[in-house]
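The chain contents come next:
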Amino acid sequence: MIRTLLGRAGLVAAAAGLATVISAAPAAAHGADAPDGTDYRTRTTGVAPARPGLEVRVIEAGARLELTNHTGRTIEVIGYSGEPYLRVGPDGVFENSHSPATYLNSTITGETALPAEADPAAAPVWRRIADGTTARWHDQRALWQESAPPAAVRAAPEREHRVRNWSIPLRDGTDPVAIGGTLDWVPPPDAYTWWAVTIVGLLAVGALGLLPAAGPAGARALSALGVLLMVGGALAVGYPVGRELDAGAQGVGGVLVGLLSGQIWSLLTGLGAIAAGWYALRRRPAADFVVALAGACLALFAGAANAAVFARAIAPVPWPPTTARVLVALFLITGAGATAAGILRLHAASRDTAAAARVEPAESGSTAAG
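Fair warning: this is a prediction, and the values are worked out from it, not measured in the lab.

In terms of helices and strands, the protein carries nine helices and ten strands. Residues classed as buried in the protein amount to 44% of the 370 residues present. Looking at the protein alone, contacts between residues at least 24 apart form 68% of all its contacts between residues at least 6 apart. Summed over its atoms, the accessible surface of the protein is roughly 18000 Å², and 64% of this surface lies on carbon and sulfur atoms.

Set out below in structure tokens:
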């Protein structure tokens, strides 16, 4: 029976992994290529001259800029060749089909091939891309696109470096305006330290599975695993919410749409871990199997999927990057530790069942001989 349960667990994990890959494809096709982390920090210094009601911020760990226009007037974002690129106003958000920036900015790498109609000298042809008054886009002027870091960074990688000050021109009617900002290189953390702490932690949690399941110590261990899974699950629900907020989601509705369209497996993993923790605290049948399966999903979809923050200075969340690393370490510790503990308890139960099965025929034979 134990082998059957473990086999089913493997099938569930494989199916979840396949579904994750499939569900990620549409998001990538629409340019939703937010990085899992970066060593380049993009910041805005504001709009000059100032325009009350015109707001600009950096989202997705610096991958995109977000412009919100509450001025009541139409604001144009100017492309790389001085042509109108975006138009944001009371009637919605439009992009110019003749602007090369429309195609170059469709991905963070800017490697999209330009179609024949991309001509910055041609008269603008506006195409509506969104309702409302908020536009979000990649902008190569605010990013570092080279594969190697700048020379100053290579010379002194342990220090923070200003890569450049950047400016993106806008137009308010006939008045020139500009978004200003900075791009800095930030030294990444020591990933080995984070992985070492994580491995020690998950081994400590996994050791709970060595306690005899039938005794009081084993019951307390199962309860402890249940509490850890509930806490880890709650935090795992919060992490994708943070990623959606950092990606520009606004309001409860915007966050829910983002979660259901791009973060569904992270959300389900957190909710599943909470349910598994409650199941373990109630000491229901097959609790060890449920703990092992929920732990594996938590480690995979909430931990390993976000582990890039261990080696990157900037995390795609609205809180400090150290907080993101602590959370990811907790997901891995709780998830992988619970999986190890659950498997150990299942193995011990299987061994005890086999031993009992061997003893029973022997006792029956002794009774018959007597």
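Here the focus is the nonpolar core. Counting 28 residues, the largest nonpolar core has Leu229, Tyr239, Val291 and Phe310 as its most contacted members. Counting residues per element, the ones that place at least two in this core are α4 (191–206), α5 (216–246), α7 (264–281), α8 (287–303) and α9 (321–369). Top element by residues in this core is α9. It accounts for nine residues. With residues near it in sequence (within four places) discarded, Leu229 still touches Ala273, Ile274, Ala276, Gly277, Val291, Gly295, Leu298, Thr334 and Ala338. Tyr40, Leu65, Val177 and Leu183 belong to the second-largest nonpolar core, a separate cluster that totals 24 residues.

Consider a sheet: its strands pair through backbone hydrogen bonds, and that pairing is either parallel or antiparallel. The strand order across the open sheet formed by seven strands is β1-β10-β9-β4-β5-β6-β7, and the pairing between neighbours is antiparallel. Every other strand in the sheet has two partners, leaving β1 (40–48) and β7 (126–130) as the edge strands with one partner each. The average undirected angle you get between the axes of adjacent strands in this sheet is 25°.

Compared with the 16 Å implied by 1.5 Å per residue over twelve residues, the 17 Å span of helix α6 (residues 251–262) between its first and last C-alpha is a close match. Within α6, the full set of buried residues consists of Val255, Gly258 and Leu259. For α6, the angular spread of buried residues about the axis comes to 100°, placing them on one side. Relative to its buried face, α6 has exposed residues pointing more than 90 degrees away, namely Val257, Leu260 and Ser261. Where α6 is buried, its residues contact α5 and α7.

What follows concerns the pattern of salt bridges. Pairing is possible between side chains that carry opposite charge, provided their charged atoms lie close to one another. Within this structure, the stated rule accounts for 17 salt bridges. In this structure, Asp172 and Arg51 form a salt bridge, with 2.8 Å as the shortest nitrogen-oxygen distance. Of this pair, Asp172 sits in strand β9 (residues 161–172) while Arg51 sits in the loop between β1 and β2 (54–59), and the two are 121 residues apart along the sequence. Exposure class is identical for Asp172 and Arg51. Each is buried. With its nearest N and O atoms 2.6 Å apart, the salt bridge here joins Asp288 to Arg345. Taken together, the residues Asp288 in helix α8 and Arg345 in helix α9 connect sequence positions 57 residues apart.

Rules used throughout
- Residues numbered from 1 in each chain as written.
- Predicted model: local features only at pLDDT ≥ 70, side-chain atom pairs only at ≥ 80, totals over all residues.
- Heavy atoms only, no water.
- Helix = DSSP H or I, 4+ residues; strand = E, 2+ residues; numbered from the N terminus.
- Buried < 20%, exposed > 50% of the residue type's maximum accessible area, 1.4 Å probe, protein only.
- Contact = heavy atoms within 4.5 Å.
- Areas by Shrake-Rupley, 256 points an atom, 1.4 Å probe, with all protein chains shown as cover.
- Core = buried A, V, L, I, M, F, W, Y, C linked by side-chain atoms within 4.5 Å.
- Pairing = 2+ DSSP bridges.
- Axes fitted to C-alpha atoms, helices over the stretch in contact; angles between N-to-C directions.
- Expected span 1.5 Å × (residues − 1).
- Arc of directions from axis to C-beta.
- Salt bridge = Lys/Arg side-chain N within 4 Å of Asp/Glu carboxyl O.

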